[in-house]
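The residues making up each chain are set out below.
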Amino acid sequence: MILDKEKFKSDYVRKLMNSFAEEIEGASKLHKYFALGGLVRDYVTENWVNTNKYYLESGEKQIYYFSMEFLIGRLLGSNLLNLGIRQVCKDGLTELGISLEELEEIENDAGLGNGGLGRLAACFLDSMASSGIPGHGCGIRYRYGLFEQKIIDGYQVEVPDYWLRDGNVWEIRKENKAIEVRFGGKIRIDYINNRMTFIHEDYEPVRAVPYDTPVVAYDKNMVNTLRLWSAEPIAWEFDFNTFSRGDYVKAEAYRASVEAISQVLYPDDSNWEGKLLRLKQQYFFVSAGLQSILRSYKKSGLPINELNKHIAVHINDTHPSVAVAELMRILIDEELLSWDEAWHITTDIMAYTNHTILSEALEKWPVDMFKNLLPRIYMIIEEINRRFCEALNRKWPGQWGRINNMSIINDGLVKMAHLAIVGSHSVNGVAELHTEILKHQELSNFYQFYPEKFNNKTNGITHRRWLMKCNPKLSNLITDTIGSSWIKAPIELNSLAKYKYDPAFQNKIASIKKANKANFSNLIKNKYGIVIDPNSIFDVQVKRLHAYKRQILNVLHIMHLYNKLKENPSLDILPRTFFFGAKASPSYHLAKQTIKLINSVATKINNDSSINDKLKVVFLENYSVSLAEKIIPCADVSEQISTASKEASGTGNMKFMMNGAVTVATLDGANVEMKDAVGEDNIVIFGLKANEVISYNKYGGYSSWDVYNNDMRVNKLITQLVDGTLSHSRAEFKNIYESLLMFNDEYFVLKDFDAYAKAHERVDSLYRNNTKWNEMCIMNIAHSGVFSSDNTIKQYSKDIWGTRELKLLPEMD
Ligand code: 26Q
């Protein structure tokens, strides 16, 4: 948008006055932030209204991305960027004596996600809008996001994340668009006009109220919508006229049980408590979302049997897969379509993305729970399953083992992944390797039955947030060097490859990294009191804590370097600072123990002056989107070391690459494609391959005891876990010790140790050659454009959704 500085200043002063009856002098930082956010929101509202109007009137196909998680982080900076007014606002604020950066720091992260899956949804929203695709998010407005992590005494302590405490300037509550969602009760079957009719009785109604957040396109007059639903009691329960004490108690219980639905985001949990509530959450937002889509579709006057021409729904992992049955319910029970018509429309609308091959993450619900909570939905799933099993039996007559295995309902469980596959026209994995594993291992039966449904869509990241916003110095250097076309067409970053050998460009790249590192070092000193050397190699592993991601491999290797330095204090290794950032699911004991281990190793190493500051270890508390934006531009080395075959894709890996880090990687997830893009000289690959891991898992042949007995470095490290080296209590790291030895090291940490240590020796020697290292950084940036989520989203749009990319919204009258 066009905005001049003087206009901005006067708008801002007025906004502060109108919102808080304050002048700049007397206003708090919080109010200054809210005035700025409110003003930016005002700037987008006209385009937002026009976009919605255009979408409604044109009948343009809309895609709704259904997700339990949207990890969007902060919005002020990205909205300013996408509107193209960051500089003018910054200059205007400076003249008013206000620092834009300081105001940006006031905003609470919207932490409505655990990790990759939620952040992917957020990147997709940005890319859909910026590519001109009419695409919207649909999810839950959790009152509490993922917990805030405190580290106390080296242990993770979880604190509730009340992100809405100060209010949320970006959202608008849409009271008039509320929807009723029904739980429990019974289904009575009746014949009305000769049609079998299903009447839902004695249900518990819940009011779903939408809160809309604008999703601003980059340099386009379009604004899409993220609609998050909040659960509230239906008003009639509080009829104060007929109110008795008993009613009051009942009404309060009802209120609490309803509000619980949108109270808190579930951590990716091995703990199944609160299962019922999670199922309630899923049906709640799916039903509200689909009902509201239908309501606005009908307003446009288009015929119901063309719904699939105008609407697409994407199911982000199995969590929203009840959408298949809910859409069938609406089309059959409310729109009076036949089963076959409804099924054709539903499967044409739905598409499903799988994000994991870990079987514990595939959702299964006990039949009794499901039937009681969602009786009509359960009936529909039974019918879907009956027809599906019949079709299976036609293809594979009498192969009951296989049919049982594929059945949606089996062993007293409803299998949501199966429902999603059967009810969608597209099933995709999130990296080439992952999709191949789905097709030939985990979902091979389904692939044989529905080969045409399976496809790959490699993940991506929005280069607007993950380069332009978080690393403005690098972004400006790129534009100064190759022009600005890469911003609209990130693949053109590859023009940077020409400058690979250019010493002047290399120096600029190196000095930007150095400046970012120096800034961050100050932050670390202020927050943790740890002094780190900005000239040391910054080696970073930030991601959810999980055994398969192998933070343990990293920390064991750090212990090993420390052991070597203790033996030989003059050992010639380059100084390194290792950073970790990770939240562990509260009930995931081993993950929490790993955090304690990292912190114990950090304390030991950081306080040992005999190693001459050659090693430092920093655990970054409360890893989040806003912290990621700070650490990623500083990284020299990116740790992507999951056990091959276990990481579906990874997206952090791409963010580091785009910011010029060199990746130490196993051939897992999208690392494989990163290697292909950047060339094997510019990435450090090590370790078992996916097929080797799969084969060990199938046929055996690995014993961690053998490594322990034969590799004296490993032997020493394992012993140190339990001999008091790191903790007074020898039981402190017992679970880690046992997982590596007694339970035969499920994730091949010891097996890969030697290769990993060698990979780091390579890193050390590559870094010594400044020129070579800079070349590698440049090549990583230059080949990262293919991992922009703009690229990914265009493939979804073309291959799966059938949506169009609008250049600009036509002028509205
Ligand atoms: C399941 C059942 C009960 C409670 C919680 C869950 C649950 C919650 C979150 C299961 C899984 C998740 C999140 C998964 C996730 O983030 N997966 C990551 O998705 C990324 C985007 O595709 C990939 O890049 C990562 O490889 C994958 O791990």
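Residues numbered from 1 in each chain as written. Predicted model: local features only at pLDDT ≥ 70, side-chain atom pairs only at ≥ 80, totals over all residues. Heavy atoms only, no water.

Q: How would you explain the layout of surface pockets if you had to name every residue and give the values?
A: In this model, the second largest pocket occupies a volume close to 1100 Å³. Lining the second largest pocket are 36 residues, and of these R86, K469, C470, N471 and P472 sit closest to its centre. Contributing elements (two or more residues each) for the lining of the second largest pocket: α3 (76–83), α4 (86–95), α5 (100–106), α18 (463–469), α19 (472–482), α21 (503–528) and α24 (625–631). Among the residues making up the lining of the second largest pocket, the classes are represented as 13 nonpolar, twelve polar and eleven charged. (1 Å grid on protein atoms, 1.4 Å probe; cavity = no way out; pocket = protein on both sides within 12 Å on 5 of 7 lines; lining within 4 Å. Points joined across faces, edges and corners; volume = space filled by probe spheres on them. Helix = DSSP H or I, 4+ residues; strand = E, 2+ residues; numbered from the N terminus. Nonpolar A, V, L, I, M, F, W, Y, C, P; charged D, E, K, R; others polar.)

Q: So what's going on with the sheet that holds strand β15 (residues 364–366)? Residues and values would help.
A: Strand order in the open sheet formed by three strands is β15-β17-β16, with antiparallel pairing between adjacent strands. The sheet terminates laterally at β15 and β16 (409–410), the two strands that pair on one side only. Two strands pair when backbone bridges link them, and β15 and strand β17 (residues 413–415) are joined in this way by three bridges, in the antiparallel orientation. Along β17, the bridge assignment pairs W365 with V414. (Pairing = 2+ DSSP bridges.)

Q: Break down helix α13 (residues 375–395) for me, citing the residues and quoting the values.
A: Side chains of residues three or four places apart in an α-helix project in the same direction, reflecting 3.6 residues per turn. Across its 21 residues, α13 extends 30 Å between first and last C-alpha, which sits within 8% of the 30 Å expected from 1.5 Å per residue. When we look at burial in α13, the residues that qualify are P375, R376, I377, Y378, I380, I381, I384, N385, F388, C389, A391 and L392. (Expected span 1.5 Å × (residues − 1). Buried < 20%, exposed > 50% of the residue type's maximum accessible area, 1.4 Å probe, protein only.)

Q: Any chance you could break down the nonpolar core for me, citing the residues and the numbers?
A: Formed by 149 residues in total, the largest nonpolar core has its most connected members in Y12, F284, L290 and F370. If you tally residues by element for this core, the top one is helix α2 (residues 29–58), at eleven residues. If we skip the residues at most four places from it in the chain, L290 touches F66, V313, A323, E326, L327, I330 and M350. Judged by nonpolar contacts, the second largest core, of 123 residues, contains W466, A670, V684 and L766. (Core = buried A, V, L, I, M, F, W, Y, C linked by side-chain atoms within 4.5 Å. Contact = heavy atoms within 4.5 Å.)

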